[in-house]
Amino acid sequence: MTAPGGRRWLAIAYCLLFAVGLAVSGMVQPEKVTAFLDVLGDWDASLAFVMVGAIGVYAVGRRFVKAWPRPLLAPAFSNPTPTRIDGRLIAGAILFGVGWGLAGFCPGPALVALGAGTRAALWFVPAMVAGMLLHDRVWAKVARRRAPSDR
Amino acid sequence: MTFTPLASLVGGALIGLSAALLWATHGRIAGITGIVAESFRRSGDDLEWRLLFLAGLVGGGRLLVWAWPAAFGARTPRGVAVLVIAGLLVGFGTRLGNGCTSGHGVCGIARRSPRSIAATAVFVLVGMATVGIGRHLLVGAP
């Protein structure tokens, strides 16, 4: 653990910035999220602007950093390994979409709302963690046993 | 809900800035699902920053509700069963699909990853269908 001390403080600072962004954008209000998803009703398109703002700034940032040999405070960039679009990806997105539509929470805003003591997040977040563990500890192992040649 | 294009654009830009800074200094993708789930592995070289990231999000919520309680809006009238089922689906689904709104919807789309574009299109459309069915087809749903 010889990571520079600055890494820790920066990680916390980024989270605070991320949390403020989620609050300013309206993502921490489940009603706002479901109003965006309610295209057949009283549609609130605001969250499309969140996506535009976030994707735009992130894309510019990535472009700026592109030529760097390594990150400022870490030995290497850890890019996700590109894989194909498969049934797993789509099934996961479908399950996530149903849960997102039911509660109006996705993982980041749910954690911020948990910190805020929002009643809904007090139920949602433990269940979300249980769902993640159910996948990682049970489902992934069963699936691997059934298809050992896969990855 | 009130249409808030400017606040949402600015808030989105802050989210993107935070994710871009994490990439520039730590070389990491700001995917909340991965950060949360992999914090539960006992080993791992970068467990520490993951836990800090989680603490920052939850602590950020604590600070925000103190400084700006209105940001969290009205209390939601959803029942416990709906919240628990939704939580299980979000947790399991984001792990199965390797990402959520932050990892796929922001970082992945910005990288023009076909997987992330497909995943985001699916979860947004399914979310819309879920709300549509709940609000407009089933009577008495929120």
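First things first, this report covers the structure right here in the doc. (Residues numbered from 1 in each chain as written. Chains lettered and ligands numbered in written order. Predicted model: local features only at pLDDT ≥ 70, side-chain atom pairs only at ≥ 80, totals over all residues.)

1. Description of the overall build of chain B
To keep things clear, this is the line we draw: By the criteria applied, helices consist of DSSP H or I runs no shorter than four residues and strands consist of E runs no shorter than two, each listed in order from the N terminus. Exposure in this text rests on C-beta crowding, where 20 or more other C-beta atoms within 10 Å of a residue's own make it buried, 12 or fewer make it exposed, and counts in between make it partly exposed. The C-beta atoms are placed from the backbone.
Each helix and strand in chain B was counted, giving 6 helices and 0 strands. Secondary structure elements of chain B, listed N to C terminal, follow the sequence α-α-α-α-α-α. Seen through its principal axes, chain B has C-alpha atoms that stretch 50 × 40 × 35 Å. For chain B, buried positions account for 57% of its 142 residues.

2. Remarks on the interface of chain B and chain A
Spelled out, the test is: C-beta atoms are first placed from the backbone for all residues, and any pair lying within 7 Å is then listed as a contact. Under this grouping Gly is polar, as are all residues other than the nonpolar Ala, Val, Leu, Ile, Met, Phe, Trp, Tyr, Cys and Pro and the charged Asp, Glu, Lys and Arg.
Listed as interface residues are 96 residues of chain B and, on the opposing side, 104 residues of chain A. Counting residues per element, the ones that place at least two in the side of chain B that touches chain A are α1 (5-26), α2 (32-38), α3 (47-67), α4 (80-96), α5 (101-110) and α6 (114-137) of chain B. Counting residues per element, the side of chain B that touches chain A draws most heavily on α1(B), at 21 residues. Its residues placed into classes, the side of chain B that touches chain A shows 58 nonpolar, 29 polar and 9 charged.

3. Thoughts on unusual backbone geometry
All names here are of chain B. A positive phi angle, close to 60 degrees, is found at Asn 98, a residue other than glycine. Positive phi, normally seen in glycine, also occurs at Arg 112, with a value near 55 degrees. Considering the arrangement of structural elements, one finds Arg 112 in the loop between α5 and α6.

The values reported here are purely geometric and, on their own, carry no functional implication.
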